[in-house]
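# What the coordinates show
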Amino acid sequence: MGLVARALTRGAADAVDRRYSVASAARRQASHVFPKHHSFFWGEIALYSFVVLVLSGTYLALYFVPDTTEVVYTGPYAPLQGLFVSRAYDSALSLSFEVRAGLFVRQLHHWAALLFVAAMILHMARNFFTGAFRRPRELTWLGGVALLAIGIFEGYLGYSMLDDLLSGLGVRIFSGLLLSVPVVGTWLHWLVFGGEFFGDIWISRFFIAHVLVLPGLLVALIAVHVGLVWYQKHTQFPGPGAREDTVVGERALPGFASRTVANGVCVLAVLGLLAGVFQINPVFLWGPYTPTQVSTYIQPDFYAGFLIGGLRLWPRWEFHLGDHTVAAPFWVGLVLPLLMFALLALYPWLERLRTGDHAPHQVLQRPRDDATRTGIGAMGLVFWGILFASGATDVLASTFDVPFEYLVWAGRIGLLVLPPLAFVVVRGVCRGLQRSDRDALEHGVHTGVLQEGPDGVYVELRRPPGGADRAGRPVPLRYGGSRIDRRPDTGADQTEEQR
Amino acid sequence: MMRRLRNVALIVVALAAVGGVYALLVPSPQTAVAQTADTARTAQGRALYEQACISCHGANLQGEPGRGPGLTGVGDAAVYFQVSTGRMPLAGPQDRGYRKAPAPEFDPTTEQGSANLAALGAYVEANGGGPTTPTTPGDQLIGSDVAHGGELYRLNCASCHNFTGRGGVLADGRYPPRLDGATPTQMYTAMLSGPMAMPVFSDQQLTPEEKKDIIAYVVSVRGQNNAPGGFGLGELGPSTEGVIAFVVGLATLVGVAAWIGART
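Keep in mind that what you see is a predicted model, and the values were worked out from it rather than measured.

What counts and how
- In this convention, every chain numbers its residues from 1, walking through the sequence in written order.
- To label them, take the chains in the order written and letter them from A, then take the ligands in the order written and number them from 1.
- Local features in a predicted model are, by the rule used here, given only for residues with pLDDT of at least 70; side-chain atom pairs are given and counted only at 80 or more, and totals for whole chains, interfaces and linings are based on all residues.
- The basis for every side-chain value is the complete set of heavy atoms in the structure, and neither hydrogens nor water enter the calculation.
- Put simply, DSSP H or I for four residues or longer makes a helix, DSSP E for two residues or longer makes a strand, and each gets a number counted from the N terminus.
- Each residue is assigned to one of three classes by its accessible area relative to the maximum for its type, calculated with a 1.4 Å probe on protein chains only: buried under 20%, partly exposed between the two thresholds, exposed over 50%.
- Contact definition: two residues touch when any of their heavy atoms are within 4.5 Å.
- Surface exposure here means Shrake-Rupley accessible area, sampled with a 1.4 Å probe, where a residue is shielded only by the protein chains that are shown.
- In this charge count, Lys and Arg are treated as positive and Asp and Glu as negative; neither His nor the chain ends contribute.
- By convention, the point assigned to a charge is CZ for Arg, NZ for Lys, CD for Glu and CG for Asp.
- Segmentation into domains, and thus their bounds, comes from an automatic or database assignment.
- By buried area we mean the combined loss of accessible area, with a 1.4 Å probe, across both parts when two parts are placed together.
- Just to be clear on terms, a salt bridge is a Lys or Arg side-chain nitrogen sitting within 4 Å of an Asp or Glu carboxyl oxygen.
- Contacts described as polar in this section are N or O atom pairs within 3.5 Å, which, within protein, must combine one atom able to donate a hydrogen with one able to accept it, while residues neighboring in sequence count only if both atoms come from side chains.
- Residues are grouped as follows: nonpolar covers Ala, Val, Leu, Ile, Met, Phe, Trp, Tyr, Cys and Pro; charged covers Asp, Glu, Lys and Arg; every other residue, Gly included, is treated as polar.
- As used in this record, nonpolar core signifies buried Ala, Val, Leu, Ile, Met, Phe, Trp, Tyr and Cys residues forming a set joined through side-chain atoms within 4.5 Å.
- DSSP calls a pair of strands paired once it identifies at least 2 bridges connecting them.
- In this analysis, rings of Phe, Tyr and Trp, with Trp reduced to its six-membered ring, are considered paired at centre separations within 6.5 Å, and the interplanar angle assigns stacked below 30 degrees, edge-to-face beyond 60, and tilted for intermediate values.
- Distance and angle both matter: a charge sits over a ring if NZ of Lys or CZ of Arg is within 6 Å of the ring centre and within 35 degrees of the ring normal.

This part covers the overall build of chain A. A tally of regular secondary structure across chain A gives 17 helices and eight strands. If you line up chain A on its principal axes, its C-alpha atoms span 95 × 70 × 45 Å. Expressed as a percentage of the 499 residues in chain A, the buried residues total 46%. Expressed as a percentage of contacts within chain A between residues at least 6 apart in sequence, the contacts between residues at least 24 apart total 72%. Of the roughly 25100 Å² of accessible surface on chain A, 66% is carried by carbon and sulfur atoms. Averaged over its 41 positive side-chain charges, chain A has a centre that lies 9 Å from the centre of its 38 negative ones.

The subject of this paragraph is the overall build of chain B. Per the secondary structure count, chain B includes 10 helices and zero strands. The secondary structure elements of chain B, listed N-terminal to C-terminal, are α-α-α-α-α-α-α-α-α-α. For chain B, the C-alpha atoms occupy an extent of roughly 140 × 40 × 35 Å along the three principal directions. Expressed as a percentage of its 264 residues, the buried residues of chain B come to 42%. Relative to all contacts within chain B whose residues are 6 or more apart in sequence, the contacts with residues 24 or more apart total 57%. Counting only carbon and sulfur atoms, one obtains 61% of the accessible surface of chain B, whose full area is about 13900 Å². Side chains of chain B give 18 positive and 20 negative charges; the mean places of these two sets differ by 8 Å.

Bringing the domain arrangement of chain B into the picture now. Size of an interface: often given as the accessible area lost when the parts come together. Residue and element names in this part refer to chain B. Each assigned domain of chain B is listed with its residue range as follows: domain 1 (35-133) and domain 2 (135-224). Here the C-alpha centroids of domain 1 and domain 2 sit 22 Å apart. Where domain 1 abuts domain 2, roughly 1200 Å² becomes buried across the two surfaces, and 60% of that area is made up of carbon and sulfur atoms. Connecting domain 1 to domain 2 are zero salt bridges. Scanning the region where domain 1 abuts domain 2 turns up six residue pairs in polar contact (both at pLDDT 80 or more). Partitioned by chemical class, the residues of the side of domain 1 that touches domain 2 number seven nonpolar, six polar and three charged.

What follows deals with the nonpolar core. Counting residues in hydrophobic clusters, the biggest one holds 122 residues, and the most contacted among them are Trp111, Val117 and Leu271 of chain A. Of all the elements, helix H5 (residues 102-129) of chain A adds the most residues to this core, at 16 residues. Apart from residues lying up to four places away in sequence, Trp111 of chain A is in contact with Leu271, Leu274, Ala275, Phe278, Gln279 and Ile280 of chain A together with Leu233, Glu241, Ile244 and Ala245 of chain B.

This brings us to the interface of chain A and chain B. In this complex, chain A contributes 62 residues to the contact, which on the side of chain B involves 57 residues. Both sides together, the interface formed by chain A and chain B hides about 4800 Å², and carbon and sulfur atoms give 69% of it. In terms of surface lost to chain B, no three residues of chain A exceed Gln279, Leu285 and Tyr297 of chain A, which account for 14% of the buried area on that side. For the pair chain A and chain B, the interface holds one salt bridge. Residues Asp401 of chain A and Arg96 of chain B are paired through a salt bridge, measuring 3.2 Å at the closest nitrogen-oxygen approach. Taken together, chain A and chain B are joined by 20 residue pairs in polar contact (both at pLDDT 80 or more).

Now for the pairing of strand E7 (residues 445-452) of chain A. Residues and elements named next belong to chain A. Looking at chain direction, E7 and strand E8 (residues 458-463) are connected through five bridges and run antiparallel. In the strand pairing of E8, His446 is matched with Arg462. Linking two consecutive strands that pair antiparallel, namely E7 and E8, is a turn of five residues; a positive phi of about 85° is found at Gly456 within it.

Quick look at unusual backbone geometry now. Omega for the bond connecting Arg135 of chain A with Pro136 of chain A falls within 30 degrees of zero, at 15°, which places this linkage in the cis form. Considering the arrangement of structural elements, one finds Pro136 of chain A in the loop between H5 and helix H6 (138-160). That bond from Met88 of chain B to Pro89 of chain B is cis: its omega, -10°, falls within 30 degrees of zero. Structurally, the position occupied by Pro89 of chain B is in the loop between helix H4 (75-84) and helix H5 (111-126). The backbone of Asp401 of chain A shows a phi angle near 55°, a positive value even though the residue is not glycine.

Residue and element names in this part refer to chain A. Inspection of the secondary structure puts Gln236 in the loop between helix H9 (202-232) and strand E4 (249-251). Leave out the neighbours within four places in its chain, and Gln236 touches Pro35, Phe40, Ala242, Arg243, Thr246, Val247, Val248, Gln362, Val363 and Leu364. A polar side-chain atom of Gln236 sits 2.5 Å from the main-chain carbonyl oxygen of Thr246.

A word on the packing of aromatic side chains. Residues and elements named next belong to chain A. All chains considered together, the criterion is met by 43 aromatic pairs over all chains. With centroids separated by 5.0 Å and ring planes inclined at 55°, the aromatic side chains of Phe97 and Phe284 adopt a geometry described as tilted. Here Phe284 lies in helix H11 (residues 283-286) and Phe97 lies in helix H4 (residues 87-97), a separation of 187 residues in the sequence. For the ring pair Trp384 and Phe388, a centre distance of 5.3 Å and an interplane angle of 5° mean the geometry is stacked. One end of the pair is Trp384 and the other is Phe388, both in helix H14 (residues 371-390) and four residues apart, which spans about a single turn. With relative accessibility at 21%, the residue Trp384 sits in the partly exposed group. Using a relative accessible area of 30% as the deciding quantity, one classes Phe388 as partly exposed. Feature note: the residues Phe153, Tyr156, Tyr159, Phe174, Phe193, Phe197, Phe198, Trp202, Phe206 and Tyr289 constitute an aromatic cluster, connected by ring pairs. One Lys or Arg, Arg412, reaches over the ring of Trp409 and ends 4.6 Å from the middle of that ring.

Dropping the structure here:
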């Protein structure tokens, strides 16, 4: 059996190579060395979630009908039978109750969407705090920012087009934001909705954007993103032998390939478990969308939470420029997120202005190594986190029994006070860690062992982190950007003797 | 002489006609007269009232300034809703009047409790009238058209009580309650009496049949009924889903990545 398989593989490989002569290129690429660190697999979580999204989305698209025409629901779900619903909502219900594995695939698709964005955020945070975006990888960073923005919008379009009461309220907010744009707002609204809200063509437009335009963009950007990582080689953490001019890791085949396949299988497994165990977006409970109806606890999916949080915190400040009114939501619903994404996208260049560091970097930094950058990152995360939490003021208020007005004010004040505080605290912590590293390198690692000198003074023994030479003198060690071995017991006995 | 007699007779006849028409058109003055059969129950209700309610609501239901509102005209339905759900009597000055276990003497699940509730209601009803608790047993207050009830529920109730009765938030730290524990009679009397911030849904606004359909919808979707797809995550919408995505999904995969990265 094994012999036959080997013969077949060899035959096929020979046939391909004789026609396209790819053997040397394949050998070269198979020897492509990948640095190994567990955090380098976080981006792949997003990648494999995206694969699951494409596959499950294809299945859903076979059954979903992007149409606002009203029909009477006659399916098996009793609490909705006989109601007027759009064909889109009707098909989402039939997907859930009548299509084989439909509900599972719907839930799989939705969980994969959440995980896709969540993993991108985690991956982006890792790249930020380790300085992976520095020259020569600015383009990879820019592509990542674009992927995040498009991914958020893609997810929003996806859950909106089901036309249920929960997402319909989000569509209303989108319509309001478009209208709030000065001068061109009405035109923008007509461009998307083809008329006044609610209109009857928006679902088919959302659908085409969701299943064709944005996924196409995402695929292209992911290809460029991953291609750049391959072509420019992955960054690596400093370690034994790992320097700017070397790569320490394992080859693409078989080492890296087996790991990444294992990672992909695990992503699929976790998503499958989530989809099978936890209910997500039960549209049959939300009911069909009608502009006259509303519910409590209306939140978007988590990735759009910061937008809603901003809208909830922002005071009702309207500006009048002559005859034009600039509505309050414009600033916080459109300007603020665009500003946040612009800062994120431009950060590599902003940091270059701050540090004047134009050199290319293949080796990553520990977050403590650039205390200011880590502080800025913490500031950004806290700012985003407060907006995010404020998007759920009602859930927080009822869960923790706090009047929700308090939460709004806490969010407003927190948004101004906490990010700078986070910057100062985190930068201070990083500097403290730097000092502690320097102390360990200069004076040795704390052992916790006290020794009484001849004069009766107790002195703590310090172990030199670089070990000691034959004469017992500590070997001087420079900070190499990697973790210092702080175990007190390593060679502690011999150090004690030699001292 | 004859002419004079005739004039007098005409005046008498005219006066009689006017008086008769007046007597026919003007209704007799209304006086609240308790039926003799109910007198004993009303008296029992008065006794209960004077034990449990009088300190805040006053001697003749007129209310006590700063302590409690007057109850004239709130009706038997309000009494049933407030007392059977344990909102009244308040446990103390800190009690904000939310649902709790009913006082033992007003527990609607016991015979004595429901008799006491009826007596208290009759006493309040006898002083100013108001909406009354339906006499049909609770399970007959669950209507048959669940879907119609659902539509009415989303139109009238979901803006405070949420899609499936998970409650919500109002201004000033007040909360519309979750509908988990509410019995059909309690939901019905709540709609009739409009407790706290809730509007009154009289029979002109929602017919008894529509009220029953709404109750049928609430019963059909609460407690994870008609909600397939796995654990319901509190039916709080995307908030809890986001928490699960991070705490279960992403955290597990970060652990997996650590494991994959550590394997040699």
